[in-house]
Amino acid sequence: MRLATWNVNSVRSRQDRIVDWLQRSDVDVLAMQETKCKDAQFPYQRFTDIGYEVAHVGLSQWNGVAIASRVGLNDVQVGFEDQPGFSKDPEIDPAQEARAIGATCDGVRVWSLYVPNGRELADPHYTYKLEWLAALKADAQAWVTADPLAQIALVGDWNIAPTDDDVWDPALFEGKTHTSQAERDAFAAFADAGFTEVTRQFTPEPRTYTYWDYTQLRFPKKQGLRIDMALTSPALAAGVTGASIDREERKGKGASDHAPVIVDIG
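No experiment lies behind these values; they were computed from the predicted model shown. (Residues numbered from 1 in each chain as written. Predicted model: local features only at pLDDT ≥ 70, side-chain atom pairs only at ≥ 80, totals over all residues. Heavy atoms only, no water.)

Asker: I keep staring at the overall build of the protein and nothing clicks. Help me out?
Answerer: When helices and strands are tallied, the protein shows five helices and twelve strands. Relative to its length of 266 residues, the protein is compact, with a C-alpha radius of gyration of 17 Å against a globular reference of 18 Å. Seen along its three principal axes, the alpha-carbon backbone of the protein occupies a region of about 45 × 45 × 40 Å. Counting the 266 residues in the protein, one finds 55% classified as buried. Taking all contacts inside the protein whose residues are at least 6 apart in sequence as the whole, residues at least 24 apart take part in 70%. Only carbon and sulfur atoms are counted for the fraction: they give 49% of the accessible area of the protein, which is about 11,500 Å². Within the protein, one finds 27 positive and 39 negative side-chain charges whose respective centroids are separated by 9 Å. (Helix = DSSP H or I, 4+ residues; strand = E, 2+ residues; numbered from the N terminus. Rg over C-alpha atoms; globule rule 2.2 N^0.38 Å. Buried < 20%, exposed > 50% of the residue type's maximum accessible area, 1.4 Å probe, protein only. Contact = heavy atoms within 4.5 Å. Areas by Shrake-Rupley, 256 points an atom, 1.4 Å probe, with all protein chains shown as cover. Lys, Arg positive; Asp, Glu negative; His and termini not counted. Charge placed at Lys NZ, Arg CZ, Asp CG, Glu CD.)

Here it is, written out as structure tokens:
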């Protein structure tokens with residue numbers, strides 16, 4: 001199986017690029033984040049026309065996650081069991097956002113994840129981000145404990161640069177989200193739960209990123225972040241044969257600010 005994850009930054013705006021890329025890339029399953037549309041607005045037909053089934057959850061012009069598969073799409077689940085919600089108003093009950101969707105594709109349980117941004121360290125959204133990650137880790141650990149042979153892939157935009165090697169200028173991000181110790185600890189906790197981040201071992205070169213801001217010529221200057229990743233359960237990690245980042249898809253007119261990350265599973 002060839003599995004990919006891509007923050008497409010509006011599936012409607014980039015549907016031509018996404019479909020063209022799928023036809024060139026030989027990807028079997030694509031997890032998408034930040035689709036930025038409601039379910040009724042998703043361009044399902046563009047994907048079904050080229051042989052992909054799609055599961056999507058989108059509640060507004062923000063967030064939104066999807067899985068497109070040409071190798072089966074079964075047992076679709078919107079949100080993980082203990083996924084917390086968010087409300088910026090303490091007097092309003094938190095609502096679950098469209099940030100996680102899971103489906104079984106050719107025996108692999110794939111989760112497309114759009115981890116909360118956090119905004120600023122003092123923002124309630126940062127606390128929400130840490131709570132969201134802790135809940136996901138606890139659930140993921142329970143899945144592996146219940147079935148040590150389960151093949152699970154947690155893929156998506158994690159909005160965390162796990163090490164200083166994952167950010168072009170660590171000093172620039174000091175005191176900001178994505179690189180704080182609490183976020184990095186939350187990400188590292190998935191390893192304690194038995195999950196392996198499988199892309200770095202195949203893409204170890206310095207200044208290897210998956211995201212480049214649109215502003216200040218960040219992409220041509222190679223000033224990016226590595227925040228899109230694939231974490232796999234022990235049974236699945238053993239079958240990973242390769243991984244790559246398609247930096248070419250960040251180029252040109254109408255590109256997302258993220259590049260697709262691809263994982264090959266034997």
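Asker: Hey, could you run me through the environment of Ala193 in this one?
Answerer: For Ala193, the position within the fold is in the loop between helix H4 (181-192) and strand E9 (196-197). Here Ala193 falls in the buried class, since its relative accessible area comes to 8%. Taking C-alpha positions, Ala193 is 7.4 Å from Ala140, a pair spaced 53 residues apart along the chain. Sequence-distant contacts of Ala193, defined by excluding residues within four places in its chain, comprise Lys137 and Gln141.

Asker: Where do I start with H4 in this structure?
Answerer: Since the α-helix advances by 3.6 residues per turn, residues separated by three or four positions end up pointing in the same direction. Taking 1.5 Å of rise per residue, the twelve residues of H4 would be expected to cover 16 Å, and the 16 Å separating its terminal C-alpha atoms lies within 8% of that figure. The set of residues buried in H4 consists of Glu183, Arg184, Ala186, Phe187, Ala189 and Phe190. Check the buried side of H4 and you find it contacts helix H3 (124-146), strand E8 (152-157), E9 and strand E10 (228-232). At the exit of H4 stands Gly194, carrying a positive phi of roughly 105 degrees. (Expected span 1.5 Å × (residues − 1).)

Asker: Honestly, the sheet that holds strand E7 (residues 108-114) in this entry has me stumped. Any pointers?
Answerer: Picture the strands of a sheet paired through backbone hydrogen bonds; they go either parallel or antiparallel. If you trace the six strands from one edge of the open sheet to the other, you get E5-E6-E7-E8-E10-E9, paired in mixed fashion. Each end of this open sheet is capped by a strand with a single partner; those strands are strand E5 (74-78) and E9. Here E9 runs beside E10; their pairing, made up of two bridges, is antiparallel. Bridged to Thr196 within E10 is Thr232. (Pairing = 2+ DSSP bridges.)

Asker: Explain the sheet that holds strand E4 (residues 65-69) to me, please; I cannot follow it from the model alone.
Answerer: In spatial order, the strands read E3-E4-E2-E1-E12-E11; together these six strands make up an open sheet with mixed pairing. Both outer strands of the open sheet, strand E3 (53-57) and strand E11 (240-245), are each paired with one neighbouring strand and no more. Averaged over all pairs of adjacent strands, the angle between strand axes in this sheet comes to 15 degrees, irrespective of strand direction. In terms of strand pairing, strand E1 (residues 2-7) meets strand E2 (residues 29-33) through five bridges, oriented parallel. Of the residues in E2, the one forming a bridge with Leu3 is Val29. (Axes fitted to C-alpha atoms, helices over the stretch in contact; angles between N-to-C directions.)

Asker: So what exactly am I meant to see when it comes to the pairing of strand E12 (residues 261-265) here?
Answerer: Side-chain direction in a regular strand flips from residue to residue, so the side chains alternate between the two faces of the sheet. The element E12 is extensively covered by neighbouring structure, given that four of its five residues are classed as buried. Both E1 and E12 contribute to a ladder of four bridges, which runs antiparallel. Bridged to Leu3 within E12 is Val263. Here E11 pairs with E12 via five bridges, running antiparallel. Of the residues in E12, the one forming a bridge with Ser244 is Ile262.

Asker: Would you explain unusual backbone geometry in this entry?
Answerer: Keep in mind that most residues, glycine aside, have a negative phi and that most peptide bonds are trans. Located in the positive-phi region is Asp106, a residue other than glycine, with phi close to 50 degrees. As for its position among the elements, Asp106 is in the loop between strand E6 (100-105) and E7. According to the relative accessible area criterion, Asp106 is exposed, its value standing at 52%. Its identity is not glycine, yet His178 carries a phi of approximately 85 degrees, on the positive side. Positionally, His178 belongs in the loop between E8 and H4.

Asker: What exactly am I supposed to notice about the pattern of salt bridges here?
Answerer: Once the charged atoms of two side chains with opposite charge are near each other, the side chains can pair. All told, the structure shown has twelve salt bridges when counted by the stated rule. We note a salt bridge from Glu249 to Arg24, for which the minimum N-O separation is 2.5 Å. With Glu249 in the loop between E11 and E12 and Arg24 in helix H1 (residues 15-25), this pair connects stretches of sequence that are 225 residues apart. Taken together, the salt bridges that share partners define one network made up of Arg17, Arg24 and Glu249. (Salt bridge = Lys/Arg side-chain N within 4 Å of Asp/Glu carboxyl O.)

Asker: What's the story with the nonpolar core in this structure? I'm lost.
Answerer: One recurring pattern in soluble globular proteins is that nonpolar side chains are buried together. With 26 residues, the main nonpolar core has Leu154, Trp158 and Phe195 as its most contacted residues. Mapped by element, the contributors of at least two residues to this core are E7, H3, E8, H4 and E10. Sorting elements by how many residues they give to this core places H3 first, with eight residues. Setting aside chain neighbours within four positions, we find Trp158 in contact with Leu113, Val115, Lys129, Leu133, Leu136, Phe187, Phe190, Ile227, Met229 and Leu231. Listed in part, the 24 residues of the second largest apolar core include Leu3, Val57, Ala103 and Val108. (Core = buried A, V, L, I, M, F, W, Y, C linked by side-chain atoms within 4.5 Å.)

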